[in-house]
Number of protein chains: 2
Amino acid sequence: MKELKLVDWIRKRAGKPGKKVETGIGDDCAVLGYDKGHYLLWATDMLVEDTHFKLKKASYKKIGHKAVAVNISDIAAMGGVPKYITVTIGIPSKMKERAVGKIYDGIFEICKKYGVKVVGGDTNKSSKLLIDVSIMGIVARKNLLKRNGARKGDLILITGPVRDGRKRHLDFEPRVKEAQFLADHYRVSSMIDVSDGIALDVSRISSESRVGCRLYESAVPLARGLSLKDALYYGESFELLFTMPVKEARKLFLSARKRKEKSPYFVIGEITSKNEGLILIGKEGNETPLKKEGFRHL
Amino acid sequence: MKELKLVDWIRKRAGKPGKKVETGIGDDCAVLGYDKGHYLLWATDMLVEDTHFKLKKASYKKIGHKAVAVNISDIAAMGGVPKYITVTIGIPSKMKERAVGKIYDGIFEICKKYGVKVVGGDTNKSSKLLIDVSIMGIVARKNLLKRNGARKGDLILITGPVRDGRKRHLDFEPRVKEAQFLADHYRVSSMIDVSDGIALDVSRISSESRVGCRLYESAVPLARGLSLKDALYYGESFELLFTMPVKEARKLFLSARKRKEKSPYFVIGEITSKNEGLILIGKEGNETPLKKEGFRHL
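Residues numbered from 1 in each chain as written. Chains lettered and ligands numbered in written order. Predicted model: local features only at pLDDT ≥ 70, side-chain atom pairs only at ≥ 80, totals over all residues.

Once that is clear, we can look at the sheet that holds strand E2 (residues 30–35) of chain A. Residue and element names in this part refer to chain A. Reading across from one edge, E1-E2-E3-E6-E4-E5 is the order of the six strands in this open sheet, with mixed pairing throughout. The open sheet has two edge strands with one neighbour each: strand E1 (21–23) and strand E5 (117–125). Pairs of neighbouring strands in the sheet enclose a mean axial angle of 25°, with direction left out of account. As judged from the eight bridges shared by strand E4 (residues 81–91) and E5, these two strands associate in the parallel manner. Looking at the pairing, Tyr84 lines up with Lys117 of E5. Lying over the sheet, helix H3 (residues 97–114) contacts E4 and E5, oriented at roughly 175° with respect to E4. (Pairing = 2+ DSSP bridges. Helix = DSSP H or I, 4+ residues; strand = E, 2+ residues; numbered from the N terminus. Axes fitted to C-alpha atoms, helices over the stretch in contact; angles between N-to-C directions. Contact = placed C-beta atoms within 7 Å.)

For the rest of this paragraph, the subject is the sheet that holds strand E8 (residues 190–193) of chain A. All names here are of chain A. Judged by pairing direction, the sheet is mixed, and its seven strands sit side by side in the order E8-E10-E7-E11-E9-E12-E13 without closing on themselves. Whereas interior strands pair on both sides, the edge strands pair on one side only; in this sheet they are E8 and strand E13 (287–289). Neighbour-to-neighbour, the strand axes of the sheet open up by a mean angle of 25°, direction not taken into account. Two elements, strand E12 (residues 278–281) and E13, share three bridges in a ladder whose sense is antiparallel. Residue pairing across strands places Ile279 opposite Pro289, the latter belonging to E13.

Below, the discussion takes up the domain arrangement of chain A. Residues and elements named next belong to chain A. Once the domains are mapped, chain A shows domain 1 (3–142) and domain 2 (145–289). For domain 1 and domain 2, the distance between their C-alpha centres works out to 23 Å. Ranked by residue count, the leading element in the side of domain 1 that touches domain 2 is helix H2 (residues 60–76), at nine residues. The residue inventory of the side of domain 1 that touches domain 2, partitioned by class, reads ten nonpolar, five polar and five charged. (Domains from an automatic or database assignment. Nonpolar A, V, L, I, M, F, W, Y, C, P; charged D, E, K, R; others polar.)

Below, the discussion takes up the interface of chain B and chain A. Facing the 50 residues of chain B at the interface are 50 residues of chain A. Looking at the side of chain B that touches chain A, the elements that each hand over two or more residues are helix H1 (3–14), strand E2 (30–35), strand E3 (38–48), strand E4 (81–91), helix H3 (97–114), strand E5 (117–125) and strand E6 (130–140) of chain B. For the side of chain B that touches chain A, the leading source of residues is E5(B), giving nine residues. Residues of the side of chain B that touches chain A, tallied by class, amount to 24 nonpolar, 15 polar and eleven charged.

A few words on the relation of the copies chain B and chain A. For the match of chain B to chain A, the screw axis carries a shift of 0.0 Å, the RMSD comes to 0.0 Å, and the turn is 180°. Here the two chains are linked by the operation of a two-fold rotation axis. Of all interface residues in chain B, 100% are interface residues in chain A too; the two copies therefore contact each other through one and the same surface. (Least-squares fit on C-alpha atoms with pLDDT ≥ 70 in both.)

Shown next as structure tokens:
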């Protein structure tokens, strides 16, 4: 079963999650009622040896860093502040104490940087190394950024050039500050973190928002050495992909110019109506259907 | 590194979790501030193929059931009501769709029974089947049952005879009702669920409460066919182990007699002062130090 099909199936089986749940399966985080002004955000993301990384190629500390970073990125993508994590680890019996220590070095280092506390977890024996982090965060109700708010006419933007996930996937920094800046100052209609390639993640926003889109190949900002194909269909850049009305995007770019900063935001497309479908505009202006394909870990 | 040593080390590294955290690492759940009258409970427990079960011997549905049940049991052991789970699954590529479906059948069936909603998760490829459930629950502040409240003179009790974890470990029912009944009506000083054998879990209560204990071998209620050694040192019975003042225990047993019920609670020992240590009283009255050993999944 493909991951998308499986997730859809689980979501259908799970049913409506009840009125205290603002969002269940189908976004970066589950969104639960907290207090009058805030929601609780809750996400979980697992790294598995040989699926997400090779032990021989990776430093243990970076694996610990990434296991937390992908989860912080999920909180960021909803406009939230990461607060607490639990760390569940499966340790191969041949792994040395020192290696386990280094993994936790990476975990505690990034936690300190982002003000996140480790409050629990589970330790197990396992044939392959695996780390499953569950994260909790808080978001002001007015700042909540979901996948389902994109509207026809909105622009599609991305934070920063897409990097090569294959080379740099272990040491990325989650875009917490950027997401909070956007949520605090602008009307952002939807947001997602690019974990499976731009094409798949744009298609997720379109599907949740019940809209279509036009994505401009030539507008996708690429880090040096990265091919467009990899940016579109290979994942793991963890930049934020978001949509906002044209007016808001104008304000965003003007304010950056006023501060004489180079804007870290790039327009890569626009939202259309659902019946226009998902279209990729090539460098010569040719239109092809956007393939809902990406790097899936299943 | 042994699990206990690793957990202690992580706990030391994690440091104090901040004033909004009532309990961090070292109990069945992390306990976070929620509202004036309630705490949020948060736990995570993972099942790994060949560590916790053999695929050939287990039914897929029962594996799904157990993955959720062990987590519900963690919420029960704090006196709480289970509310939401996320399910992270690692699926071997050779596993059939039907098998994955059956695992989720087990997950959704027990969720329905206990009023728990699936609100998120993660799906991955993995060489061995693994299921990591993260659970959230709610507990009234006055009902919170921790591991650290046992006092000298308290009795140590257990719910129901200890079953054979090796045979029946997949289809146990978490003791949610029993824990809530106790928390609602009696002054329970500490509680834990027996996941690693009575000896180890009694020693956890003693260590967190900074007390000693005397455990009576002859008082441990055993399900048919289970040896005392297995009850003490093999885990996975998921009965609740708790302590309460003698007065409260008397009330508990009297009220059961009034209702003409057979009490489902058994006194198995008593709490002493820390310098008396952890003592096991044999069937002939012989005293030996209680070994802090149990079934650990590492």
